[in-house]
Amino acid sequence: MTEPSLWHAQYAVLDGRVERDVLIETARRLISSVTPGQRPPPPRAQRLAGLVIPGLANAHSHAFHRALRGRAQRAGGDFWSWRALMYQVAERLNPETYRDLARAVYAEMALAGITAVGEFHYLHHDRGGRPYSNPNAMAESLITAAGEAGIRLTLLDTCYLRGGFGRPLEGPQLRFGDADAEAWAVRASAVPPADHVRRAAAIHSVRAVDEPGMKLVRDWAAERGAPLHVHVSEQPAENDQCRATTGRSPVELLADHGVLGAKTTAVHATHLAPDDIALLGGSGASVCLCPTTERDLADGVGPASSLAAAGARLCLGSDSHAVIDLFEEARAVELDERLTGGRRGIHRPEALLRAATAHGMAALGFQAGAIAVDQQADLVAVDLDSPRLAGADSDDLLPSAVFAATAADVTAVVASGRLIVRDRRHLLIDDVPRQLTAAIEAVMGR
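Because the structure is a prediction, the values reported are computed rather than measured.

### Structural notes on the overall build of the chain
- Tallying secondary structure elements over the chain gives 15 helices and 16 strands in all.
- The globule rule puts the C-alpha radius of gyration for 446 residues at 22 Å, and the 21 Å found for the chain is close to it.
- Across the chain, the fraction of contacts at a sequence separation of at least 24, relative to all contacts at a separation of at least 6, is 74%.
- For the chain, the accessible area works out to roughly 17000 Å², and carbon and sulfur atoms hold 48% of it.
- Between the averaged position of the 46 positive side-chain charges in the chain and that of its 54 negative side-chain charges there is a distance of 3 Å.

Structure, rendered in structure tokens:
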């Protein structure tokens, strides 16, 4: 089947403004021309009703955490008690069940308008920490899953060497670790290429990777011009342990070892001192905020506006997949900060949409996130007649979408020029809810 190469958007967001009757031509997965005011559309153009925005970028995902949705709400606790539940899920996965679960999760993302995901991948080996006969079997499960769901994947192969400062890996953590940083590099270098995949690197955290290991991962990514992601200051306890052990904050430690830079993304960055904010902003790093996970785990509200003012690029992730809805992640950056700061309008709608699109795509290493020539042909149609957006003023469609739309309002998705969602239905994977249920039951049981 030949994919349409002409798309006609009723409304489309172009460079932060909404234009009407926009004709978009695509070729070889890229946008080749954009023409507003094209009325009537050519007969062969595929109509995209509603407001068309660029494809959404989920810059931070742990696909297997999706199995915890709901189950983690049965009791109270904090991040650390939640982590114990997460380890139980990690112990139950194998390459086959991981592929099935990730495929269904990525399909759920596609239905929500996500066209690229950054998978922070540290579930490498078997339950005893021994490599599979194919050392990258788990990574290849993710690659297959994303391809079958029709979205792009940045595989953030994660170095994870210790269970904390001065502590060896133990129990379920053994699955996460390679023998040392050199062994991580050998395995990560052997991940097979694929057209829809960007191979990249991650340092799990300063508590999980020693200083020589950080340098090796940094150099591996730099040699390949690849993105480098790292969990940073998600918990006060992490900061306290880092200062007690090294005399520095996690951000200061990363800066001292040359980890920060324009291709680096600090994930969470919730508990920062002013000097940390200045270091992140001054380095040109991205900061990936995951508000729905941070709420769910009672982690806190990060200093998003201060980071942006310092020069950091904000992007977004659904992380533990408490929900998969980038519209909610985007507006939460503003709404959560209203609660802590006592004022409104800290982050403009245009900036929030950039965080969900262009900034996230840049953090994942893709030339995408804008409806413009030479960008990836990623288009997401949002229903303006849904109960949430009905009656929206035509002059305020962008803020209406950012502050009121949900994943359920996505009606059509084009990813790299390929139509993968139409009429709210995934065209490559049949009955996504049933697939999710089957995959989760295979891992967790009933």
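### A short note on the sheet that holds strand β2 (residues 17–27)
- Read across the sheet, 8 strands follow the order β3-β2-β1-β4-β13-β14-β15-β16 without closing on themselves; strand pairing throughout is mixed. Looking at which strands have only one partner, the edges of the open sheet turn out to be β3 (30–35) and β16 (425–426).
- Bridge count between strand β14 (residues 410–415) and strand β15 (residues 418–422): 3 bridges; the pairing is antiparallel. Note on β15: the bridge partner recorded for A415 is R418.

### Digging into the pairing of strand β6 (residues 114–121)
- With 8 of 8 residues buried, β6 is to be regarded as a mostly interior element.
- In this sheet, β6 lies alongside strand β5 (residues 56–61) in parallel orientation, the contact comprising 4 bridges. Residue N58 lies in a different strand from β6, and its bridge partner there is V117.
- Here β6 runs beside strand β7 (residues 152–159); their pairing, made up of 6 bridges, is parallel. Counterpart to E119 in the pairing with β7 is L155.
- Read as a crossover between parallel neighbours, the route from β6 over helix α3 (residues 137–149) to β7 is right-handed.

### Let's talk about the sheet that holds β6
- Strand order across the open sheet formed by 8 strands is β5-β6-β7-β8-β9-β10-β11-β12, with parallel pairing between neighbours. Each edge of the sheet is formed by a strand with only one pairing partner; in this case those strands are β5 and β12 (313–316). Pairs of neighbouring strands in the sheet enclose a mean axial angle of 25 degrees, with direction left out of account.
- The strands touched by helix α5 (residues 211–224) are β7, β8 (197–203) and β9 (228–232); relative to β8, the strand with the most contacts, the crossing angle is about 160 degrees.

### A look at the nonpolar core
- In terms of nonpolar packing, the biggest core is built from 121 residues, with I53, F64, Y106, L153, L280, V287 and L307 touching the most fellow members.
- If you tally residues by element for this core, the top one is helix α2 (residues 95–111), at 9 residues.
- With near-sequence residues (within four places) excluded, Y106 lies in contact with A63, V117, E119, L142, A145, A146, A149, I151 and L153.
- Counting residues in hydrophobic clusters, the runner-up holds 16 residues, among them A9, A12, L14 and L379.

### Comments concerning the side chain of E238
- Looking at the secondary structure, you find E238 in helix α6 (residues 236–246).
- Accessibility expressed as a relative area gives 2% for E238, which makes it buried.
- Within polar-contact distance, the side chain of E238 engages the side chain of R207 at 3.3 Å.
- A polar contact of 3.1 Å, which involves the side chain of E238, links it to the backbone nitrogen of S233.
- In contact with E238, other than residues within four places in its own chain, are F165, V206, R207, H231, V232, S233 and P250.

### Considering the packing of aromatic side chains
- Summed over the entire model, instances satisfying the criterion amount to 9 aromatic pairs.
- Aromatic pair F64 and Y98: ring centres 6.4 Å apart, planes at 70 degrees, arrangement edge-to-face. Of the two residues, F64 is situated in the loop between β5 and α1 (79–91) and Y98 in helix α2; the sequence distance between them amounts to 34 residues.
- A relative accessible area of 2% means that F64 is categorised as buried.

Conventions and cut-offs
Residues numbered from 1 in each chain as written. Predicted model: local features only at pLDDT ≥ 70, side-chain atom pairs only at ≥ 80, totals over all residues. Heavy atoms only, no water. Helix = DSSP H or I, 4+ residues; strand = E, 2+ residues; numbered from the N terminus. Rg over C-alpha atoms; globule rule 2.2 N^0.38 Å. Contact = heavy atoms within 4.5 Å. Areas by Shrake-Rupley, 256 points an atom, 1.4 Å probe, with all protein chains shown as cover. Lys, Arg positive; Asp, Glu negative; His and termini not counted. Charge placed at Lys NZ, Arg CZ, Asp CG, Glu CD. Pairing = 2+ DSSP bridges. Buried < 20%, exposed > 50% of the residue type's maximum accessible area, 1.4 Å probe, protein only. Right-handed = clockwise from strand over helix to strand, strands pointing away. Axes fitted to C-alpha atoms, helices over the stretch in contact; angles between N-to-C directions. Core = buried A, V, L, I, M, F, W, Y, C linked by side-chain atoms within 4.5 Å. Polar contact = N/O pair within 3.5 Å; in protein donor to acceptor, adjacent residues only side chain to side chain. Phe/Tyr/Trp six-rings, centres within 6.5 Å; stacked < 30°, edge-to-face > 60°.

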